[in-house]
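Overview (structure and organization)
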Amino acid sequence: MHCPALRKSLARLLTKGRVDAVSAEAAMERLYTSTSLSDLHDVDYVVEAVPEREDMKRDLFATLDKITPAHAILASNTSSISITRIAAATQRPEKVIGLHFMNPVPVMGLIELVRGMGTSEATFEASMALAARLGKQTCVSKDVPGFIVNRLLMPGINEAFFALQEGVGTAEDIDVGMRLGTNAPMGPLTLADFIGLDTCLAIMQVLHRGLGDDKYRPCPLLRQYVDAGWLGKKVGRGVYTY
């Protein structure tokens with residue numbers, strides 16, 4: 001099995017002493033990879049993590065609904081999109097839930113749980129148990145645009161782009177100011193590069209459309225970066241060059 005990205009991630013954790021060599025190899029041995037959705041015919045729990053596009057997620061959930069067993073729970077790792085609308089693409093809305101992992105997943109200790117209108121108590125309890133088994137703490141959000149974390153986080157990142165656009169400070173000064181001035185682990189523009197500027201823009205668009213308030217209007221500079229293909233660390237260039 002070839003999973004170079006996963007091996008690289010585990011190697012970093014090994015170097016930092018977060019895992020030992022035996023545990024890292026055991027983790028790799030437990031993994032099975034496939035590019036065929038039909039291989040999900042006998043699973044109990046699915047976590048979807050495709051790009052932050054509602055049309056893509058709804059299409060995938062409609063397909064998963066047909067392929068997976070009737071008892072299987074279908075969870076979305078969406079960071080902003082309505083679980084209720086995603087669930088409506090299936091015939092099992094009671095088994096659909098939001099399971100939003102924070103990035104980077106091996107380091108961050110939180111999972112944000114989001115119940116759709118139809119999510120059952122059994123699905124919720126099973127997802128809480130899964131989060132605990134993964135060693136994560138949880139917060140529970142209503143099914144509203146951005147949920148809890150991105151409702152608060154993304155407007156701050158968006159405002160950092162406005163500050164950069166207006167020349168309030170350089171990217172470096174904005175990041176240093178927020179990192180040292182608020183004791184944050186990284187500045188908002190660096191964080192945006194790590195998240196992906198396309199993802200940041202998509203979330204701001206969901207907030208703007210869903211809440212209808214101009215305070216959620218995506219910064220034009222953020223749009224320009226995305227239009228230029230400068231999506232952040234994953235492509236080697238965003239606000240900064242990697």
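Residues numbered from 1 in each chain as written. Predicted model: local features only at pLDDT ≥ 70, side-chain atom pairs only at ≥ 80, totals over all residues. Heavy atoms only, no water.

**Details of the overall build of the chain**
The condition that has to hold: The way it works is that DSSP assigns letters per residue, a run of H or I at least four long becomes a helix, a run of E at least two long becomes a strand, and they are numbered from the N terminus. When we talk radius of gyration, it's over C-alpha atoms, and the globule rule is simply 2.2 Å times the number of residues to the 0.38. When a residue's accessible area, from a 1.4 Å probe over protein chains only, is under 20% of the maximum for its type it is buried; when over 50% it is exposed; and in between it is partly exposed. When checking whether two residues touch, look at their non-hydrogen atoms; a contact exists if any pair is within 4.5 Å. Working definition of accessibility: Shrake-Rupley area with a 1.4 Å probe, residue cover restricted to the visible protein chains. We treat Lys and Arg as the positive residues and Asp and Glu as the negative residues; His and chain ends play no part in the count. Lys charges are placed at NZ, Arg charges at CZ, Asp charges at CG and Glu charges at CD.
For the chain, the count of helices and strands is 10 helices and 5 strands. Over its C-alpha atoms the chain spans a radius of gyration of 19 Å, differing by no more than 12% from the 18 Å that the globule rule assigns to 242 residues. Overall size of the chain, expressed as C-alpha extent along the three principal axes, is 55 × 45 × 30 Å. Within the span of the chain, comprising 242 residues, buried residues form 40% of the whole. At a minimum sequence separation of 6, the contacts of the chain that also span at least 24 residues come to 63%. Accessible surface computed for the chain: about 13300 Å², of which carbon and sulfur atoms make up 56%. Charge centroids of the chain, computed over 26 positive and 27 negative side chains, lie 2 Å from each other.

**Points about the side chain of Glu-48**
Filter applied, for reference: Distance and chemistry together define a polar contact, namely a pair of N or O atoms within 3.5 Å, with one atom able to donate a hydrogen and the other to accept it when in protein, and with adjacent residues in sequence counting only for side-chain atoms on both sides.
For Glu-48, the position within the fold is in strand S1 (residues 45–48). Within the structure, the side chain of Glu-48 is placed 2.5 Å from the side chain of Ser-76, a separation counted as a polar contact. Apart from residues no more than four positions distant in its own chain, Glu-48 is found in contact with Lys-57, Leu-60, Phe-61, Ala-75, Ser-76 and Asn-77.

**Some thoughts on the packing of helix H1 (residues 4–15) against helix H2 (residues 21–29)**
The description of two packed helices rests on the angle between their axes and on the distance between the axes. Cut-off, in case you're wondering: For helices, the fitted axis covers only the stretch in contact; all axes are lines through C-alpha atoms, and the angles between them, taken along N-to-C directions, range from 0 to 180 degrees. Working rule for angles: under 35 degrees goes down as roughly parallel, over 145 as roughly antiparallel, 65 to 115 as roughly perpendicular, anything else as oblique. It is the rotation of the near helix from the far one that decides the hand of a crossing: anticlockwise by less than a right angle makes it left-handed, clockwise makes it right-handed. In this classification, the charged set is Asp, Glu, Lys and Arg, the nonpolar set is Ala, Val, Leu, Ile, Met, Phe, Trp, Tyr, Cys and Pro, and all remaining amino acids, among them Gly, are polar.
At a minimum axis distance of 10 Å, the contact between H1 and H2 shows a crossing angle of 165 degrees. Here H1 is positioned roughly antiparallel relative to H2, judged by the angle of their axes. Handedness of the H1/H2 crossing: right-handed. When H1 is examined against H2, the residues Leu-6, Arg-7, Leu-10 and Leu-14 are found in contact with a partner set consisting of Ala-21, Ala-24, Glu-25, Ala-27 and Met-28. Here the residues of the contact of H1 with H2 sort into 7 nonpolar, no polar and 2 charged.

**Regarding the UniProt feature "site: Important for catalytic activity" (unreviewed entry) in the chain**
Threshold: UniProt positions are given in the numbering used here, feature names are shortened, and annotations may be inferred rather than shown by experiment.
Following the UniProt record, one finds the feature "site: Important for catalytic activity" (unreviewed entry) at His-100. Tracing the backbone through its elements, the reader meets His-100 in strand S3 (residues 96–101). Residue class for His-100 comes out buried when judged on its relative accessible area of 6%. Once residues lying within four places of it in the same chain are set aside, the contact partners of His-100 are Ser-76, Asn-77, Thr-78, Ser-79, Leu-110, Ile-111, Glu-112 and Asn-150. Within the local environment of His-100, its side chain forms a polar contact with the side chain of Glu-112, the two groups lying 2.8 Å apart.

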